[in-house]
Amino acid sequence: SIFGSYSTCKMKNLAKYSIISINYSCNKFVFISSGYKLSSTPLNRYEFPKPVRPGEGAELPEIIGFGAKIEHLKSDILKAANTEADVLIIGETGTGKQLAAEAIHRHGLRSTHPFISINCGELGETLLLDSLFGHVKGAYTEAKTERKGAFLEAHGGTLFLDEIQNASLTVQQALLRAVSMRKIKPLGSDKELDVDVRLICATNVDLSILMDRQLFRVDLYFRLKVITIHTPPLREQKENIPVMVNHLLQQLENTTQRAGLGISKGALEKMKQYHWPGNIRELKNCITRAAVMGENRILQADDIVLEDKLRTFPESPIIDGGNGSAHGDRALPNAGRPLPSAKSDPEPFHVGRDLVRMNSRQEKVLPHILSHKAVTRTDYLQWVGDDISPRTAIYDLQDLVKKGVLRKDGSGPATRYLLVE
């Protein structure tokens, strides 16, 4: 059968296609459907479907893909765009949460006004407060001029707060007042200012677990969770890998000055068998690396280098590390099953009953963290010992905070990361 290993469900979806020409001697075939056309091509190169209906997907051209999960996501985005309510976007790292937020703004009632984005995980408490609410001149020693802050910059438009789970309790308290009253007070000012913003927040963790651990305010959670949108992980929509790869290759043709980029069926099949812990961001990096480093314009299976040394991880990157488990007394079945590796994997680390995925640097430093109960950026750089950059060390430490292994204490150079026990 020319359909290969398609499942019964996929066979039903393909029933709308009419095979109008099959030439086995030339290894060519043509599909015609109501929406896509595959032109004749040798079987050793995958030919991507091309839209033949004008305007198809025009409503949300920035969201690439098809199928039930993507259609549900598009529908949720358009519904949210037609309201003024605040939105909470939940999804794993690399699933396109900011893209969804930008789409809500672009197709909403505030599209002609600013879209301001702040990543709460990149800033310490003081700097985040300053970035959000601004300050008046003389508020502190270095405040030579006033700063408006993100809430005022986004006035009339949309303020997007990514990684909201990393905001400290102090920042959460300030956000609660801003969200409930739509008023802010810049640092150093006694005057409250009215703000007109639509707030969209995003997280890659289960905030209810953080609330159980008193790391996220319950009242703020319910203020933010007016409309909830979930961005699906790539492993749950692998049928979209060819569509996304085609989109990425078209972009890379312009940026790499390599016309005619394509991919073999073997390479695509290899990608479909992978679990993609980094989701669409990892897919983009993988295709970019292959297109830049590969010798041929048609990417082969050997050109696709996957991060297969990373272990799989459960749905929620942050899990219960206290006396109880978010899952009660039940262990998660098959959670974090290790992938094949040339080297034997170290003993898996658990927080509560859930397995935590770590990269090789984090695994190397973990025994020191368990011994010292705390770690600084300098400690991490010294313990890894592979001449990594300070930025990489901070990324790794913040990643362990997200996964519930560490909690952040302090800000700036004095920041320490304490083991969650």
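Computed from a predicted model, the values in this text were never measured in an experiment. (Residues numbered from 1 in each chain as written. Predicted model: local features only at pLDDT ≥ 70, side-chain atom pairs only at ≥ 80, totals over all residues. Heavy atoms only, no water.)

Student: Can you help me understand the sheet that holds strand β18 (residues 416–419) in this one?
Tutor: Across a sheet, strands are paired by hydrogen bonds formed along the backbone, either parallel or antiparallel in direction. Strand order across the open sheet formed by three strands is β16-β18-β17, with antiparallel pairing between neighbours. At either margin of the open sheet sits one strand with a lone partner, and together these are β16 (374–375) and β17 (406–409). Sheet topology places β17 next to β18; four bridges connect them, and they run antiparallel. If you follow L406 over to β18, its bridge partner there is L419. Contacting β16, β17 and β18, helix α14 (residues 390–402) runs over the sheet at an angle of about 115° to β17. (Pairing = 2+ DSSP bridges. Helix = DSSP H or I, 4+ residues; strand = E, 2+ residues; numbered from the N terminus. Contact = heavy atoms within 4.5 Å. Axes fitted to C-alpha atoms, helices over the stretch in contact; angles between N-to-C directions.)

Student: I tried to follow the sheet that holds strand β11 (residues 227–230) on my own but got confused; where do I start?
Tutor: Taken together, the five strands give an open sheet; going across it, the order is β6-β7-β10-β5-β11, and neighbouring strands pair in parallel fashion. Only two strands of the sheet have a single neighbouring strand rather than two, namely β6 (115–119) and β11. Sheet twist, expressed as the mean angle between neighbouring strand axes with direction ignored, is 20°. Examined bridge by bridge, strand β7 (residues 158–162) and strand β10 (residues 198–203) share four bridges and lie parallel to one another. Opposite F160, over in β10, you have I200 as the bridge partner.

Student: How should I be thinking about the nonpolar core in this particular structure?
Tutor: Looking at soluble globular proteins, one finds that nonpolar side chains tend to be buried together. Grouped together as the largest cluster of nonpolar side chains are 33 residues, with contacts concentrated most on L132, F151, L161, I164, L175 and F216. Elements represented by at least two residues in this core include exactly α4 (125–133), α5 (150–153), β7, α6 (169–181), β10, α7 (207–212) and α8 (218–224). Sequence-distant contacts of I164, that is, excluding residues within four places in its chain, are made with C120, L175, C201, A202, T203, F216 and L224. Counting residues in hydrophobic clusters, the runner-up holds 22 residues, among them L249, I263, C286 and L299. (Core = buried A, V, L, I, M, F, W, Y, C linked by side-chain atoms within 4.5 Å. Buried < 20%, exposed > 50% of the residue type's maximum accessible area, 1.4 Å probe, protein only.)

Treat this as a map of the structure, not an account of what it does.
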